Amino acid sequence: MRWSNLFIPTLRDAPADAEAASHKLLVRGGFIRQLHAGHYSLLPLGLKVHDKVAGIVRHEMNAIGGQEFLLPAMHPASIWRESGRWEVMGDEMFRLEDRKGAELALGMTHEEVFTSLALEISSYKALPQIWYQIQWKFRDEPRPKSGLLRVREFAMKDSYSFDVDRAGLDRSFDLHHHAYVRIFDRLALPAIPVEASSGAMGGSGSTEFMVPSNAGEDDVIRCPTGDYAANLERATSMLPPIADRTELVDLTRLATPGIRTIAALGEIEHGAPAVHQIKTMVMVLDGEITLALVRGDHQLNIQKLLDATGTTELRPATPEETVEHLGASPGSLGAVRVEGIRIIADEILRGRVGLTTGANEDDWHYTGVSVERDIAVDQWADLRNVSAGEACPNCGAGLELVRCIESGHIFKLGTKYSEALGATVLDPDGKNVPLVMGSYGIGIGRAVAAIAETHHDDHGLIWPVSVAPYEVVITIVSMKDDASVAVAESLYADLRARGIDVLLDDRRARAGVKFADAELIGVPYRVTVGPKALADGEVEFTDRADGESSRVTCQAITDLVAGAVVSAR
RNA sequence: CGGGACGUGGCGCAGCUCGGUAGCGCACCUGCUUUGGGAGCAGGGGGUCGUGGGUUCAAAUCCCGCCGUCCCGACCA
């Protein structure tokens with residue numbers, strides 16, 4: 001294409017409200033424009049990248065036997081009621097009514113609709129099936145942010161596997177895992193597969209593909225040796241055992257006037273170091289007051305509590321609720337001899353004695369607490385946040401904490417949706433069994449942003465050839481130099497004939513402007529045609545990634561460019 | 001939802017404290033010069049100052065409501 005005919009509105013300044021590098025550069029480079037919060041228009045350049053990413057995803061899905069569908073974006077409420085998610089999804093689902101007053105939703109994911117199609121599978125002989133689509137999803141995110149990274153309307157590749165049993169699901173899951181590795185490899189995204197929480201999707205296991213970036217919103221715990229990686233919501237670690245203060249045998253009340261924090265309680269006479277304290281968090285799980293107990297120096301991980309209890313809605317109790325149920329205010333709370341309230345405790349507290357905790361009376365604590373003897377724990381679970389530096393559960397090395405963009409997520413769903421919608425098949429024994437399902441997602445726009453986030457420098461974007469809006473740009477230094485124009489036009493025609501995605505910068509602009517724009521929009525290779533080199537029968541070839549330039553003869557340039565592009569695709 | 005900030009041509013900003021008919025840079029148009037890293041000079045076009053109301057002779061500016069956008073937190077396949 002000829003730049004002079006294209007709509008590529010580059011900006012010298014990024015909008016003031018852009019924060020993330022990908023956001024600034026995608027706007028500055030003329031790839032996207034915001035319509036309103038969480039909704040972006042893809043401009044021609046942005047759509048080209050988006051299409052190329054989708055094309056790679058599509059190719060790899062087809063390679064594992066996936067079949068492409070296109071399902072409606074708007075769904076009747078009934079199908080979401082059948083799965084129980086009409087209520088579960090809460091405010092995150094866009095809901096509307098049609099003229100007849102029928103309730104509708106904009107799809108945020110498509111388990112229900114795909115499963116309804118799977119009702120037509122009636123025999124195990126038709127399995128396995130892998131179905132996918134690339135379709136727009138709508139989610140009423142509480143806080144859209146960072147350009148394309150978190151939006152309310154976005155294209156997603158979502159696929160679904162249907163198998164007759166768990167072993168089949170494991171195979172389909174592995175196929176997807178490998179396809180995802182290939183996809184992220186081709187996208188040049190250094191995605192780390194990590195153990196993850198299944199959240200509201202339900203199911204038995206899930207893996208996220210996480211791209212390290214400080215623009216991300218997820219924390220990953222990773223072992224530097226590479227033998228362990230998990231979302232903080234799932235991560236575990238080995239902790240050195242704590243020697244209990246066994247001299248504190250008897251449950252004893254301790255006056256602690258004005259002491260409200262773990263730290264303060266560690267400093268007073270007869271106080272206790274944080275590792276010998278129990279932190280008591282009062283939470284409301286689906287409307288039920290619950291005490292969550294962790295060690296004094298630990299932090300409660302909300303997602304772990306949700307997962308351990310199967311809760312859909314969780315919030316901290318209000319100060320009023322806390323006083324009503326426990327008789328004291330935060331700072332003096334504990335679970336000792338508490339009855340009639342659900343108590344969930346972190347595994348690390350199991351068997352501990354000689355502990356200190358609040359006495360549920362302002363300004364009083366207990367010491368000598370034995371967890372087994374004094375606290376009626378209803379459920380033990382891993383509830384604590386892992387911190388950087390703790391020991392890897394596999395090898396003991398110090399764990400690191402990495403901020404990441406969640407770029408893909410694959411789930412073993414099991415039979416939750418097939419049972420809810422009655423999607424069953426006859427197995428070899430003639431028995432009716434529910435389909436065993438998996439679901440697998442990659443956000444296309446988020447992948448575009450993640451690539452931008454990880455492939456840029458001070459001058460602009462540096463697209464990998466696989467997704468670049470154009471593979472090469474021919475920059476004509478001076479449109480008034482007829483020889484330059486002729487050589488550039490000839491090269492342009494040759495490269496197009498070779499199937500190269502080439503952009504001819506034929507604008508009547510100064511060379512500096514053209515160089516700066518080419519770098520901003522991140523075209524991986526540039527051929528500069530100008531009188532200087534042309535006097536020697538040469539042009540310049542520049543690699544955007546390293547900035548290296550070389551002189552190449554006019555005869556050799558076509559092969560060189562085509563070779564570089566094709567090998568990098 | 002809690003906290004904070006901001007809404008003035010396409011983008012970046014000043015003007016607001018102390019009310020008096022809107023300005024700068026970039027971009028855009030015309031001309032001349034320039035021409036290998038975001039040119040110079042001259043001329044020019046473009047703004048219901050987010051919105052509704054109030055105060056006032058007079059409101060971008062003061063007051064109130066609303067809307068929108070961004071950031072932090074909460075939340076979030």
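Residues numbered from 1 in each chain as written. Chains lettered and ligands numbered in written order. Predicted model: local features only at pLDDT ≥ 70, side-chain atom pairs only at ≥ 80, totals over all residues. Heavy atoms only, no water.

Asks: Help me understand the overall build of chain A, please; the structure alone is not making it clear to me.
Replies: The number of helices and strands found in chain A is 16 helices and 31 strands. With the principal axes as the frame, chain A shows a C-alpha extent of 95 × 65 × 50 Å. Put simply, chain A has 569 residues, and 53% of those count as buried. In chain A, the proportion of contacts linking residues at least 24 apart, taken out of those at least 6 apart, comes to 69%. Of the roughly 24,600 Å² of accessible surface on chain A, 50% is carried by carbon and sulfur atoms. Averaged over its 57 positive side-chain charges, chain A has a centre that lies 5 Å from the centre of its 81 negative ones. (Helix = DSSP H or I, 4+ residues; strand = E, 2+ residues; numbered from the N terminus. Buried < 20%, exposed > 50% of the residue type's maximum accessible area, 1.4 Å probe, protein only. Contact = heavy atoms within 4.5 Å. Areas by Shrake-Rupley, 256 points an atom, 1.4 Å probe, with all protein chains shown as cover. Lys, Arg positive; Asp, Glu negative; His and termini not counted. Charge placed at Lys NZ, Arg CZ, Asp CG, Glu CD.)

Asks: Whenever I open this one, the sheet that holds strand 27 (residues 472-476) confuses me. Can you help?
Replies: Read across the open sheet, the five strands follow the order 28-27-29-30-31; overall the sheet is mixed. Two strands lie at the open edges of the sheet, namely strand 28 (502-505) and strand 31 (549-553), each paired on one side alone. Averaged over all pairs of adjacent strands, the angle between strand axes in this sheet comes to 25°, irrespective of strand direction. Sheet topology note: the strand 27/strand 28 ladder contains four bridges and is parallel. Across the sheet, residue I474 finds its bridge partner in strand 28, namely L504. Strand contacts of helix 13 (residues 482-497): strand 27, strand 28, strand 29 (525-529) and strand 30 (538-543), with the helix running at about 165° to strand 27, the strand carrying the most contacts. (Pairing = 2+ DSSP bridges. Axes fitted to C-alpha atoms, helices over the stretch in contact; angles between N-to-C directions.)

Asks: Would you mind showing me how to read the pattern of salt bridges here?
Replies: Under the criterion given, the structure shown has 37 salt bridges. E288 serves as the salt-bridge partner of R342, at 3.5 Å between the closest nitrogen and oxygen. Here E288 lies in strand 15 (residues 288-295) and R342 lies in strand 17 (residues 342-346), a separation of 54 residues in the sequence. Judged by relative accessible area, R342 falls into the partly exposed class, the value being 21%. When salt bridges that share partners are traced, they join E141, K145, R150 and E217 into one network. (Salt bridge = Lys/Arg side-chain N within 4 Å of Asp/Glu carboxyl O.)

Asks: Help me out: how do you make sense of the protein's contact with RNA strand B in this one?
Replies: Not every one of the 45 residues close to RNA strand B is listed here, only the nearest: R12, R139, M156, K480 and E519. Considering the 4 Å shell around the protein, atoms of RNA strand B inside it are sugar or phosphate in 49% of instances. A distance of 2.6 Å separates a phosphate oxygen of RNA strand B from a polar atom in the backbone of A16. For the surface near RNA strand B, the elements supplying multiple residues, two or more each, are strand 1 (32-36), strand 21 (400-414), helix 14 (511-521), strand 29 and helix 15 (531-534). When grouped by side-chain class, the residues that make up the surface near RNA strand B number 19 nonpolar, nine polar and 17 charged. (Near = heavy atom within 4 Å. Polar contact = N/O pair within 3.5 Å; in protein donor to acceptor, adjacent residues only side chain to side chain. Nonpolar A, V, L, I, M, F, W, Y, C, P; charged D, E, K, R; others polar.)

Asks: In this structure, what is going on with the sheet that holds strand 14 (residues 278-285)? I would like to understand it.
Replies: The strands making up a sheet associate through hydrogen bonds between their backbones, and the pairing can be parallel or antiparallel. One open sheet holds the five strands; their spatial order is 16-14-15-17-20, and the pairing between them is mixed. Two strands lie at the open edges of the sheet, namely strand 16 (314-316) and strand 20 (379-381), each paired on one side alone. Looking at each pair of strands side by side, their axes are set apart by 30° on average, direction ignored. Of the strands in this sheet, strand 14, strand 15, strand 16, strand 17 and strand 20 touch helix 8 (residues 302-309), which is tilted by about 60° from strand 14.

Asks: Explanation requested: the pairing of strand 27 in the structure shown.
Replies: A regular strand carries its side chains on alternate faces of the sheet. By the criterion of burial, strand 27 is predominantly enclosed, with five of the five residues buried. Judged by which residues are buried, strand 27 turns out to be covered on both faces: V472, I474 and I476 on one side and V473 and T475 on the other are all buried. The handedness of the strand 27 to strand 28 crossover, carried by helix 13, is right-handed. In terms of strand pairing, strand 27 meets strand 29 through five bridges, oriented parallel. By the bridge assignment, I474 is partnered in strand 29 with V527. (Right-handed = clockwise from strand over helix to strand, strands pointing away.)

Asks: Got a minute to help me understand unusual backbone geometry in this structure?
Replies: Comment: phi is negative for the bulk of residues other than glycine, and the bulk of peptide bonds are trans. Along the chain, L127 connects to P128 via a cis peptide bond; the corresponding omega equals 0°. Structurally, the position occupied by P128 is in the loop between helix 5 (111-118) and strand 7 (129-138). Its identity as a non-glycine residue notwithstanding, H270 has a phi of 65°, on the positive side. By secondary structure assignment, the location of H270 is in the loop between helix 7 (262-267) and strand 14. You will see that N360, though not glycine, has its phi angle at about 60°, which is positive. By the element assignment, N360 lies in strand 18 (residues 355-361). The buried category is assigned to N360, whose relative accessible area is 15%.

Asks: What exactly am I supposed to notice about helix 14 here?
Replies: One full turn of an α-helix is made of 3.6 residues, so residues set three or four places apart face in the same direction. Listing the buried residues of helix 14 in full gives A511, K514, D517, A518, L520 and I521. Next to the buried residues of helix 14 lie helix 1 (21-28), helix 2 (44-63), strand 26 (460-461), strand 27, strand 28 and strand 29.

Asks: Which parts of the structure should I look at to understand helix 13?
Replies: Under the 1.5 Å per step criterion, the end-to-end length of helix 13 is 23 Å for 16 residues, consistent within 8% with the ideal 22 Å. Three or more residues of helix 13 are buried, namely S484, V485, A488, L491, Y492 and L495. Down the axis of helix 13, the buried set is contained in an arc of 135°. They therefore lie on one face. Residues of helix 13 that are exposed and angled more than 90 degrees away from the buried face: D482 and A497. Residues of helix 13 that are buried in the fold lie against strand 27, strand 28, strand 29, helix 15 and helix 16 (557-568). Positioned one or two residues after helix 13, G499 has a phi angle of 80°, which is positive. (Expected span 1.5 Å × (residues − 1). Arc of directions from axis to C-beta.)

Asks: Explanation requested: the packing of aromatic side chains in the structure shown.
Replies: Any two aromatic rings considered together are summarised by their centre-to-centre distance and by the angle between their planes. The tally for this structure, following the rule as stated, stands at 11 aromatic pairs. Both rings, one in F173 and one in Y440, keep their centres 6.3 Å apart while their planes meet at 50°; by these two values the pair is tilted. Placement of the pair is F173 in helix 6 (residues 166-186) and Y440 in strand 24 (residues 436-443), with a sequence separation of 267 residues. Given a relative accessible area of 1%, Y440 falls into the buried group. Among the aromatic residues, ring-to-ring pairing joins F69, F114, W131, Y160 and F162 into one connected group. Sitting over the face of the ring of W3, R507 holds its NZ or CZ atom 4.0 Å from the ring centroid. (Phe/Tyr/Trp six-rings, centres within 6.5 Å; stacked < 30°, edge-to-face > 60°. Lys NZ or Arg CZ within 6 Å of the ring centre and 35° of its normal.)

Shape descriptors only; they carry no functional weight alone.
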